[in-house]
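Coordinates in review
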Amino acid sequence: MRYITPRKAATGLGSTRSGTADHWAMTVSAWALLILTPFFMITVGGAIGLPREELIAHFGRPWPGIVTALFVIVGMVHFMKGTRIMIDDYFQHSARKAAIIVSVIFGWAVIAAAVFALAKMALFTIAI
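Residues numbered from 1 in each chain as written. Predicted model: local features only at pLDDT ≥ 70, side-chain atom pairs only at ≥ 80, totals over all residues. Heavy atoms only, no water.

1. Some thoughts on the environment of Met41
By the element assignment, Met41 lies in helix H2 (residues 21-45). For Met41, a relative accessible area of 56% puts it in the exposed group. Taking C-alpha positions, Met41 is 9.4 Å from Thr68, a pair spaced 27 residues apart along the chain. (Helix = DSSP H or I, 4+ residues; strand = E, 2+ residues; numbered from the N terminus. Buried < 20%, exposed > 50% of the residue type's maximum accessible area, 1.4 Å probe, protein only.)

2. Let's talk about the packing of aromatic side chains
Counted by the stated rule, this structure contains three aromatic pairs. Both rings, one in Phe39 and one in Trp63, keep their centres 5.9 Å apart while their planes meet at 90°; by these two values the pair is edge-to-face. With Phe39 in helix H2 and Trp63 in helix H4 (residues 62-90), the pair connects residues that are 24 residues apart, well separated along the chain. Given a relative accessible area of 38%, Phe39 falls into the partly exposed group. With 5.8 Å between their ring centres and 70° between their planes, Phe79 and Phe106 make a pair best called edge-to-face. Highlighted residues: Phe79 in helix H4 and Phe106 in helix H5 (residues 93-127), separated in sequence by 27 residues. For Phe79, a relative accessible area of 32% corresponds to the partly exposed category. (Phe/Tyr/Trp six-rings, centres within 6.5 Å; stacked < 30°, edge-to-face > 60°.)

3. A short note on the nonpolar core
As a rule of thumb, nonpolar side chains are buried together in soluble globular proteins. Of all hydrophobic cores here, the largest spans six residues; its members are Ala47, Ile56, Phe59, Ala69, Leu118 and Met121. Taken together, the elements giving at least two residues each to this core come down to helix H3 (52-60) and H5. Beyond its immediate chain neighbours, meaning those up to four positions away, Ala47 contacts Leu55, His58 and Phe59. The next biggest cluster of nonpolar side chains, apart from the first, holds five residues, and it includes Val72, Met76, Met80 and Ala114. (Core = buried A, V, L, I, M, F, W, Y, C linked by side-chain atoms within 4.5 Å. Contact = heavy atoms within 4.5 Å.)

4. Looking at the side chain of Thr43
Topologically, Thr43 is positioned in helix H2. Taking the relative accessible area as the measure of exposure, Thr43 reaches 6% and is therefore buried. At a separation of 2.8 Å, a polar atom in the side chain of Thr43 contacts the main-chain carbonyl oxygen of Phe39. Those residues in contact with Thr43 that lie beyond four places of it in its chain are His58, Phe59, Trp63, Pro64, Val67 and Thr68. (Polar contact = N/O pair within 3.5 Å; in protein donor to acceptor, adjacent residues only side chain to side chain.)

5. Observations regarding unusual backbone geometry
Although it is not a glycine, His93 adopts a positive phi angle of roughly 50°. For His93, a relative accessible area of 65% gives the class exposed.

6. Focus: the UniProt feature "transmembrane region" (unreviewed entry) in the chain
The UniProt record annotates "transmembrane region" (unreviewed entry) at residues 28-50, 62-80 and 100-119. Summarising residues 28-50: 78% helix, 0% strand, and an end-to-end C-alpha distance of 34 Å. (UniProt positions renumbered as here; feature names shortened; annotations may be inferred.)

This is how it looks when you write it as structure tokens:
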């Protein structure tokens, strides 16, 4: 038995009405993370063992700050989309809505905290 109507099959929309948009978003963010991860690891690896002042100066520079911000933003957007897919598969009704809200709030809170910390380090580096 088919769960998609011929119209949905023709327009590329599945049973969730989101079509291939979720798949493409996950694929693009996965490729972005594949490219960003080595740069992020090199950036963080260069900061391991630094004293606090040098660590703040390290992430206050444009390249490490931008790489770190991009990695966190793309990673958390990928997380939010991935958890949305899992939540849609395994939760029902109000539990689904609550889980999606918690996932999205957590994702944006992590993004906001990371960007705030990086901005604070960049501004602190300028003030020194």
